[in-house]
Amino acid sequence: MPPGVVMSAGRAVVACRAKAYIRRMESLHIHDAPPEGAADDWTVPQDWAHYSAQAHATWDRLFARQARQLQGRACAAFLRNLDALHLSRPGIPDFDELSERLHKRTGWQVVAVPGLVPDAVFFDHLANRRFVAGNFIRRPDQLDYLEEPDVFHDVFGHVPLLADPVYADYMQAYGQGGLRSLDFGALNKLARLYWYTVEFGLIEEEGALRLFGAGIVSSHGESRFALDDPSPNRIGFDLTRVMRTNYRIDDYQQSYFVIPSFEALLRATAETDFAPVYAALERLPDVAPEAVLAQDRLFTRGTQAYAIGKAQSPSGRSSVSPLGGMANRTT
Ligand code: PHE
Ligand code: FE
């Protein structure tokens, strides 16, 4: 676990994507060689024919629930591309078919992997415009909570924006930047950028806040909490600020960062040499997930009532109910 990652006291439950991402970033439990049946780049055939009727039905339930909830909440590009990629067709998407559609738009593909892959492999796929997706789907009793990213999170959450040309460039640049960060020993700083943008980012659109992070849009609870709940801070995106900020891996975020546009995000990252940024970060202290700094451009100063309520209740359950009543998020 990267230094400073917040764990809530004694809670074994850890949100899926969070845990998976940390593990991916830290390469824990990951061997150097691909598992049996996987290619040298760790990919496996999706084997679409193996999904049961129940597996497809789970996708359909999750899809219907989120597609409804995200109207007026997700950013325009996400909603537009959900349709454009035909993701609303019943059943778990066939990656080959999906990749063909995606490739025509932005040159990206979706490839299946058996589980977590080493950092460098993950970054290398992104740098080559391949998004790695888990090919299993959660069980019907795990609609709101699971520990590893499944095909719903990976495909519903991440793929629509890969059809957006600017976002597509950002993700590729992130992969290249990831490989580069290894040379600087700055992986955890770059992980924070991924966390607060790709997974939990908000965007300002026509004067309103909208969702774009995959961890939010694929979560029924957090897709309400992130926009509507008075608890979290909502802070204007600033690269150095974000890369200093620790994050929650066990519950909803205490701060969300708001980008003005994907162009602005691309400019601040892909068109910025991170070497001096990494050097500057060495001299700056980390920032706690709930902290507000004098320099912050605040959209909302959060009450933190949700997090405080949870910390106070001995069971770790919040006495303050989050919107939707979910204790754990699904990412
Ligand atoms: N420009 C960054 C660097 O110089 C790489 C990067 C691009 C990182 C996009 C994140 C996102 O290392
Ligand atoms: Fe994800």
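Note that this is a predicted model, so its numbers are computed, not measured.

*Asks:* How would you explain the site of ligand 1 if you had to name every residue and give the values?
*Replies:* Near ligand 1 the following residues occur: Tyr-170, Ala-173, Tyr-174, Gly-177, Arg-180, Leu-190, Leu-193, Thr-269, Ala-270, Thr-272, Asp-273 and Phe-274. Thr-269 places a main-chain nitrogen or oxygen 2.8 Å from a nitrogen atom of ligand 1. Relative to its free-state accessible area of 330 Å², ligand 1 is covered by the protein chains to the extent of 93%. Those elements that place two or more of their residues in the shell around ligand 1 are α7 (165–184) and α8 (187–199). Here the shell around ligand 1 gets 5 residues from one element, more than from any other, and that element is α7. For the shell around ligand 1, the class distribution of residues is 7 nonpolar, 3 polar and 2 charged.

*Asks:* Mind laying out empty space enclosed by the protein, listing which residues take part and the relevant values?
*Replies:* Within the structure shown, the criterion is met by 1 cavity of 30 Å³ or more. Its volume calculated, the largest cavity comes out at about 30 Å³. Forming the walls of the largest cavity are Phe-225, Ser-231, Pro-232, Tyr-252, Gln-253, Gln-254, Gln-304, Tyr-306 and Ala-307.

*Asks:* Outline the confidence of the model for the protein chain, listing residues and values.
*Replies:* Looking at the protein chain as a whole, the pLDDT averages 87, with 85% of positions reaching at least 70. Per-residue pLDDT stays below 50 along residues 1–19; that stretch engages in 63 contacts with residues further than four places along the chain or on separate chains. Scored below 50 in pLDDT, residues 21–29 shows 33 contacts in the model against residues more than four places distant or in partner chains.

*Asks:* I'd like a description of the pattern of salt bridges, backed by residues and values.
*Replies:* Scanning the model with the defined rule gives 12 salt bridges in all. In this structure, Arg-65 engages Asp-144 in a salt bridge whose closest nitrogen and oxygen atoms are separated by 2.8 Å. Remark: Asp-144 occurs in the loop between β2 (130–134) and α6 (151–162) and Arg-65 occurs in helix α2 (residues 53–70); sequence separation between them is 79 residues. With a shortest N-O distance of 3.0 Å, Asp-250 and Arg-248 are connected by a salt bridge. Summarising the burial analysis for this pair, Asp-250 and Arg-248 share the class buried. One salt-bridge network, in which partners are shared between bridges, spans Arg-89, Glu-97 and Arg-101.

*Asks:* I'd like a description of the pairing of strand β1 (residues 109–113), backed by residues and values.
*Replies:* The element β1 is extensively covered by neighbouring structure, given that 4 of its 5 residues are classed as buried. Pairing between β1 and β2: 5 bridges, direction parallel. Counterpart to Val-111 in the pairing with β2 is Val-132. Of the crossover connections in this fold, the one passing from β1 over helix α5 (residues 119–127) to the parallel β2 is right-handed.

Rules and cut-offs
- Residues numbered from 1 in each chain as written.
- Chains lettered and ligands numbered in written order.
- Predicted model: local features only at pLDDT ≥ 70, side-chain atom pairs only at ≥ 80, totals over all residues.
- Heavy atoms only, no water.
- Near = heavy atom within 4 Å.
- Polar contact = N/O pair within 3.5 Å; in protein donor to acceptor, adjacent residues only side chain to side chain.
- Areas by Shrake-Rupley, 256 points an atom, 1.4 Å probe, with all protein chains shown as cover.
- Helix = DSSP H or I, 4+ residues; strand = E, 2+ residues; numbered from the N terminus.
- Nonpolar A, V, L, I, M, F, W, Y, C, P; charged D, E, K, R; others polar.
- 1 Å grid on protein atoms, 1.4 Å probe; cavity = no way out; pocket = protein on both sides within 12 Å on 5 of 7 lines; lining within 4 Å.
- Points joined across faces, edges and corners; volume = space filled by probe spheres on them.
- pLDDT = per-residue confidence, 0-100.
- Contact = heavy atoms within 4.5 Å.
- Salt bridge = Lys/Arg side-chain N within 4 Å of Asp/Glu carboxyl O.
- Buried < 20%, exposed > 50% of the residue type's maximum accessible area, 1.4 Å probe, protein only.
- Pairing = 2+ DSSP bridges.
- Right-handed = clockwise from strand over helix to strand, strands pointing away.

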